[in-house]
Amino acid sequence: MSTTSGTGAVNYRNGTHRSSLRTQPSTSSAHKPSSLKSKSLLRKSSPAALGGAGGSKSGSGGDAGVPGRVRVAVRLRPRNGEEMIADADFADCVELQPELKRLKLRKNNWDTDTFEFDEVLTEYASQKRVYEVVAKPVVEGVLDGYNGTIMAYGQTGTGKTYTLGQLGEEDVADRGIMVRAMEDILAEVSLETDSISVSYLQLYMETVQDLLDPSNDNIAIVEDPKSGDVSLPGATLVEIRDQQSFLELLQLGEDHRFAANTKLNTESSRSHAILMVNVRRSLKPRDGLSSESNGNSHMTKSLKPPVVRKGKLVVVDLAGSERINKSGSEGHTLEEAKSINLSLSALGKCINALAENSSHVPFRDSKLTRLLRDSFGGTARTSLVITIGPSPRHRGETTSTIMFGQRAMKVENMVKLKEEFDYKSLSRRLEIQLDNLIEENERQQKAFVDEIERITVEAHNQISEAESRYANALEDEKQRYQNDYMESIKKLEENWSKNQKKLAAERLALGEKNGLDITSNGNRSIAPALEEVSELKKLLQKEAQSKMAAEEEVNRLKQQLNEFKKVEVSGNSEIMRLHKMLENETQQKEKLEGEIATLHSQLLQLSLTADETRRNLEQHGSEKTSGPRDSLMSQLRLPQIQDPGNAEKPPVARLFEQVGLQKILSLLEAEDADVRIHAVKVVANLAAEEANQQQIVEAGGLTSLLMLLKNTEDETIHRVAAGAIANLAMNETNQELIMDQGGIGLLSSTAANAEDPQTLRMVAGAIANLCGNDKLQTKLRSEGGIAALLGMVRCGHPDVLAQVARGIANFAKCESRASNQGTKRGKSLLIEDGALSWIVQNAKTETAAIRRHIELALCHLAQHEGNAKEMVKEGAIWELVRISRDCSREDIRSLAHRTLTSSPTFLTELRRLRVDIR
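Because the structure is predicted, anything quoted here is derived from the model rather than measured.

**Student:** What is the right way to read the overall build of the protein chain from this model?
**Tutor:** When its secondary structure is counted, the protein chain shows 31 helices and 21 strands. Within the protein chain, buried positions represent 43% of all 918 residues. Across the protein chain, the fraction of contacts at a sequence separation of at least 24, relative to all contacts at a separation of at least 6, is 73%. For the protein chain, the accessible area works out to roughly 50,300 Å², and carbon and sulfur atoms hold 51% of it.

**Student:** Can you help me understand the environment of glutamate 879 in this one?
**Tutor:** Mapped onto the elements, glutamate 879 comes out in helix H29 (residues 876-886). Exposure remark for glutamate 879: the relative accessible area of 8% places this residue in the buried category. Residues glutamate 879 and alanine 843, 36 residues apart in the sequence, show an inter-C-alpha distance of 7.1 Å. Excluding its chain neighbours within four sequence positions, the residues that come into contact with glutamate 879 are Val840, Ala843, Lys844 and Leu858.

**Student:** In this structure, what is going on with the state of the cysteines? I would like to understand it.
**Tutor:** Here a disulfide denotes a covalent bond joining the sulfur atom of one cysteine to the sulfur atom of another. Under the counting rule described, the total for this entry stands at zero disulfides. No disulfide involves cysteine 887; its sulfur sits 7.6 Å from that of cysteine 859, the nearest cysteine. On the basis of relative accessible area, cysteine 887 is assigned to the buried category, the value being 5%.

**Student:** When you look at the pattern of salt bridges in this model, what are you seeing that I'm missing?
**Tutor:** Side chains carrying opposite charge are able to pair once their charged atoms draw close together. If you walk through the whole model with that rule in mind, you get 31 salt bridges. One salt bridge connects arginine 102 with glutamate 116, and the closest N-O pair in it is separated by 3.7 Å. Here arginine 102, found in strand S6 (residues 102-106), pairs with glutamate 116, found in strand S7 (residues 112-116); they are 14 residues apart in sequence, far enough to count as distant. Among the ionic pairs, arginine 257 bridges to aspartate 317, the shortest N-O distance being 2.9 Å. Of this pair, arginine 257 sits in the loop between helix H5 (243-256) and strand S15 (258-260) while aspartate 317 sits in strand S18 (residues 307-317), and the two are 60 residues apart along the sequence.

**Student:** Teacher, can you tell me more about the packing of helix H15 (residues 673-687) against helix H18 (residues 715-728) here?
**Tutor:** The packing of two helices is summarised by the inter-axis angle and the distance between the axes. H18 packs onto H15 with a crossing angle of 20° between their chain directions and a minimal axis gap of 9 Å. By the angle between their directions, the pair H15 and H18 is classed as roughly parallel. When you trace H15 past H18, the crossing you get is left-handed. Together, Arg676, Ile677, Val680, Lys681, Ala684 and Ala687 of H15 and Thr716, Ile717, Val720, Ala721, Ala724, Asn727 and Leu728 of H18 make up the contact between the two elements.

**Student:** What am I meant to see in the pairing of strand S9 (residues 148-154) here?
**Tutor:** The side chains of a regular strand alternate, residue by residue, between the two faces of the sheet. In terms of burial, S9 is largely enclosed, as seven of its seven residues are buried. Covered by surrounding structure in S9 are Gly148, Ile150, Ala152 and Gly154 together with Thr149, Met151 and Tyr153, the residues of both alternating faces. Strand direction decides the pairing type here: S9 and strand S19 (residues 381-388), joined by seven bridges, are parallel. Bridge pairing in S19 links alanine 152 to valine 385. Two strands pair when backbone bridges link them, and S9 and S18 are joined in this way by five bridges, in the parallel orientation. Across the sheet, alanine 152 pairs through a bridge with aspartate 317, a residue of S18.

**Student:** Please explain the environment of leucine 856 as it appears in this structure.
**Tutor:** Among the secondary structure elements, leucine 856 is positioned in helix H27 (residues 848-862). Look at leucine 856 and you get buried, because its relative accessible area is 12%. Taking the C-alpha atoms as reference points, leucine 856 and alanine 805, 51 residues apart in sequence, are found 9.3 Å from one another. Contacts of leucine 856, omitting those with residues within four sequence positions, involve Ala809 and Ile892.

**Student:** How do you make sense of unusual backbone geometry when you look at a structure like this?
**Tutor:** A positive phi angle, close to 65°, is found at glutamate 206, a residue other than glycine. Considering the arrangement of structural elements, one finds glutamate 206 in the loop between strand S10 (195-204) and strand S11 (207-210).

**Student:** Hey, could you run me through a negative patch on the surface in this one?
**Tutor:** Residues Glu431, Asp435, Glu439 and Glu442 make up a contiguous surface patch of negative charge. Examined against the element boundaries, glutamate 439 turns out to sit in helix H11 (residues 423-620).

**Student:** Is there a simple way to explain the packing of aromatic side chains in this structure?
**Tutor:** Pairs of aromatic rings are described using the distance from one ring centre to the other and the angle between the two planes. Counted under the stated rule, the structure contains one aromatic pair. Judged by centre distance (3.8 Å) and plane angle (10°), the ring pair of tyrosine 153 and phenylalanine 404 falls under stacked. Of this pair, tyrosine 153 sits in strand S9 while phenylalanine 404 sits in helix H10 (residues 395-408); the two residues are 251 residues apart in sequence, bridging distant segments of the chain. In this structure, tyrosine 153 and phenylalanine 404 share a single accessibility class: buried.

**Student:** Explain the nonpolar core to me, please; I cannot follow it from the model alone.
**Tutor:** Looking at soluble globular proteins, one finds that nonpolar side chains tend to be buried together. Residues Leu705, Ile767, Met792, Leu858 and Met871 are the most contacted members of the largest nonpolar core, which totals 96 residues. Each residue touching methionine 871, except ones within four places of it in the same chain, is listed here: Leu836, Leu858, Leu861, Ala862, Ala876, Ile877, Leu880 and Phe906. Counting 49 residues, the second largest nonpolar core, distinct from the first, contains Ile274, Phe363, Ile386 and Ala408.

**Student:** Where do I start with the pairing of S10 in this structure?
**Tutor:** Counting buried positions over the ten residues of S10 gives nine, a clear majority of the element. Bridge count between S10 and strand S17 (residues 272-283): nine bridges; the pairing is antiparallel. The partner of isoleucine 196 across the bridge, within S17, is valine 279. Two elements, S10 and strand S14 (residues 238-239), share two bridges in a ladder whose sense is antiparallel. Within the sheet, the bridge partner assigned to valine 198 lies in S14 and is valine 238. Here four bridges tie S10 to S11, and the two strands are oriented antiparallel to one another. Opposite tyrosine 204, over in S11, you have threonine 207 as the bridge partner. Following S10, the chain reverses through two residues before pairing antiparallel with S11; methionine 205 in that reversal takes a positive phi of roughly 55°.

**Student:** Sorry, what's going on with the sheet that holds S7 here?
**Tutor:** The strands making up a sheet are joined through hydrogen bonds of the backbone, oriented either antiparallel or parallel. Spatially, S5-S6-S7 is the arrangement adopted by the three strands of the open sheet, whose pairing is antiparallel. Two strands close off the open sheet at either side, each with one partner strand: strand S5 (94-97) and S7. Put simply, the sheet's adjacent strands are angled 20° from each other on average, direction ignored. Pairing analysis gives four bridges linking S5 to S6, with the strands arranged antiparallel. Each bridged residue has a counterpart across the sheet, and for glutamate 95 the counterpart in S6 is lysine 104.

**Student:** How do you make sense of the side chain of asparagine 413 when you look at a structure like this?
**Tutor:** Checked against the element boundaries, asparagine 413 lands in strand S20 (residues 412-415). Polar contacts involving the side chain of asparagine 413 include one to the main-chain carbonyl oxygen of serine 375, which spans 2.8 Å. At a separation of 3.5 Å, a polar atom in the side chain of asparagine 413 contacts the main-chain amide nitrogen of glycine 378.

**Student:** Help me out: how do you make sense of helix H16 (residues 690-698) in this one?
**Tutor:** Every α-helix carries 3.6 residues per turn, so stepping three or four residues along brings you back to the same face. For H16, every residue scored as buried is listed here: Asn692, Gln693, Ile696 and Val697. Summarising the axial view, the buried residues of H16 lie within an arc of 135°, below the 170-degree limit, and thus occupy one face. Structural note: H16 exposes Ala691, Gln694 and Glu698 on the side pointing more than 90 degrees away from its buried face. Immediately downstream of H16, the backbone of glycine 700 shows phi near 90°, a positive value.

Quick notes on the rules
- Residues numbered from 1 in each chain as written.
- Predicted model: local features only at pLDDT ≥ 70, side-chain atom pairs only at ≥ 80, totals over all residues.
- Heavy atoms only, no water.
- Helix = DSSP H or I, 4+ residues; strand = E, 2+ residues; numbered from the N terminus.
- Buried < 20%, exposed > 50% of the residue type's maximum accessible area, 1.4 Å probe, protein only.
- Contact = heavy atoms within 4.5 Å.
- Areas by Shrake-Rupley, 256 points an atom, 1.4 Å probe, with all protein chains shown as cover.
- Disulfide = S-S within 2.5 Å.
- Salt bridge = Lys/Arg side-chain N within 4 Å of Asp/Glu carboxyl O.
- Axes fitted to C-alpha atoms, helices over the stretch in contact; angles between N-to-C directions.
- Parallel < 35°, antiparallel > 145°, perpendicular 65-115°, else oblique.
- Left-handed = near helix turned anticlockwise from the far one by under 90°.
- Pairing = 2+ DSSP bridges.
- Patch = residues over 30% accessible without salt bridge, like charges linked within 9 Å, V, L, I, M, F, W, Y side chains within 5 Å.
- Lys, Arg positive; Asp, Glu negative; His and termini not counted.
- Charge placed at Lys NZ, Arg CZ, Asp CG, Glu CD.
- Phe/Tyr/Trp six-rings, centres within 6.5 Å; stacked < 30°, edge-to-face > 60°.
- Core = buried A, V, L, I, M, F, W, Y, C linked by side-chain atoms within 4.5 Å.
- Polar contact = N/O pair within 3.5 Å; in protein donor to acceptor, adjacent residues only side chain to side chain.
- Arc of directions from axis to C-beta.

As structure tokens, this is what we get:
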């Protein structure tokens, strides 16, 4: 079944494997059967996996769920052969920072936009790495009973099908997400108790078709009116038991999928492919579902119901978005492209509505959005990988893809656990267990009665023996204690009698001695005692008086403390009042400062309007000039004159049409610095468009820009003016004008005095563009262009070094071309100015843009035999050998190898060093 219309042919996909994203060959053997994989392959994911979704696992799937954001990863495709040739002298439009999960998109020579994603995957990321960060958390969630979606979105030819559907039959390292996901699922489930079923569909021209049964070409989409779940009851459902059968199923579906040859891709998918994997798992009963007494633990285990978890994995390989003028689609292929773009547009509208929390989401505008209703804003965990290319020619499509991913990251899903109880199995098991328990209970009851009778007889006998034994022991103990008591009484009586006799003798002796002392000394001891008592009374009175004085002092201090507290309270209230007055004064001051600034701005505008009116009167005599509201300054104060980094600005083209180029250029000579800065930014934005460059040069804009470099000292004006000159220098005619007006000398002077890396990057970019002109080589070098480039390496900023390396590569390329034509002899001017040592030192830098241009410069320098000896002396031959072996770009590797093998000087040195470059 095939259809041909116009120049494009539509055929079924023939199963050819795409390998445009493969970065290096793999040495691994054919993949092992899934039955040999360890059962511990997957880590049980927590409910918080993928987007923070989680929650308790209840026995029903009807809970409210928990929020889980859509996770988005971006993957960069490496340059293909066509892009390596077409974009050889242009840097990639994107720059990845995977360690920061950040992507930079270049808008022009001086402006970039930065975006952050959940994962950033470079062109060197392996298929295994992509699966682990994008799909594995979703697959783990499906095994735990959650629905999951994995989707790829991007421009045609950026590697969506390679990322998702690559089978990896030739190289197992190239296996895509579909194959790796099924391997993990089969390794985790038990085929005796669990089941896996698969459907494979395509959405082609707004009809759902079965890829496993092509005759089933119009499948209806059914929505549950209560839950809103979407199902396809007419789709073929295949039971999967092993990995090989799944690979055969995928191959069958790929053979039936529509594909066509376009300018963007030799095998472009013309339909959206949807793989649905349903996993049903039976889990062991959980603890705590039934609670009996501790003695009935066997009953607790028997009452735990079997739990069944149902998870559905949906893998969506979207057809690539494309522009008709780039893809060259015609006839039926054009209709297919329109259908694809309409469905992707409907998907984008739904994501926009969800990201903005709109009350209405247009899911019913397309069958694609109806099928993905659960994936965006539904109950599934969703992971999206957006694929982009590095070519600056497709910057618009790359920007659209990145913005789609940014909006998708704002979508929140309510993830729910799909879990239910198998009550029928529980009922059958409980009936059998009940019969067994009844029989066991009868046997245990009979044994229990017999045991009770035996224990009762033994207890009576033991009680009788114990009573007799305890009575005898009690009588013996009583007699022993009585004997001990009598002996103790006798000993105490004897001791008391002895103590009484001894005490009487001591009293008699003491009485005789005391009677003699009282008679002789009694009268003399009374008088001192009376005096001492009198003194004690006096001291007591003094202490009482001191106590009263202290109490009076304490009361006085308390009164003073209270007075101090009252003073403090009044002081605090006064301080608060002063604070409020100070705040009011501050607000009044800020208000007055704002009014002063407004008045200053109005005064400046009136001054500029008056100057414009005066110039018009001088030029036109008695002609009427326009009012202040129509003045040029009034138009230039519109919001579109802003720094290029500001958002929400109207097109510069509208300002160009309203004001006129001559009036804008006249403001470059204004006395007000702010006016000059605004004007030069407008000219720089206009110079970025090729259609405006000739008008700017003819109107004297180039001369004005060069005069700004010469006459002003403002760093901002230097930066933006250099950027505008760099844009104008992309035209060969403008390059000669820049040189004739002394532009290289002004650029060199600006580079010598500048410290800001962005200013140096603009100046280096302008000089680098001039270096690519064959006619200007000698003059460029004589006026200090090469010296200025080498002087800017002091900055050390990667962007500045990249422009310096590009300029050196352009200069070396022109010299190489002149040498081949016979118009250039002798040593390279770059080598004479000392550039070779810097080139060799930075040939192994980690920054790709710098390294690529330096490698090109080395190869071009090596093509001229006059440079060979100096390159051998500086050690450049070792870098050429490395480039011929390890360079990531095949064209540069071939150029380095061809240069080494064609130079007698290099061959002699390689033979001396015993280096084989075959």
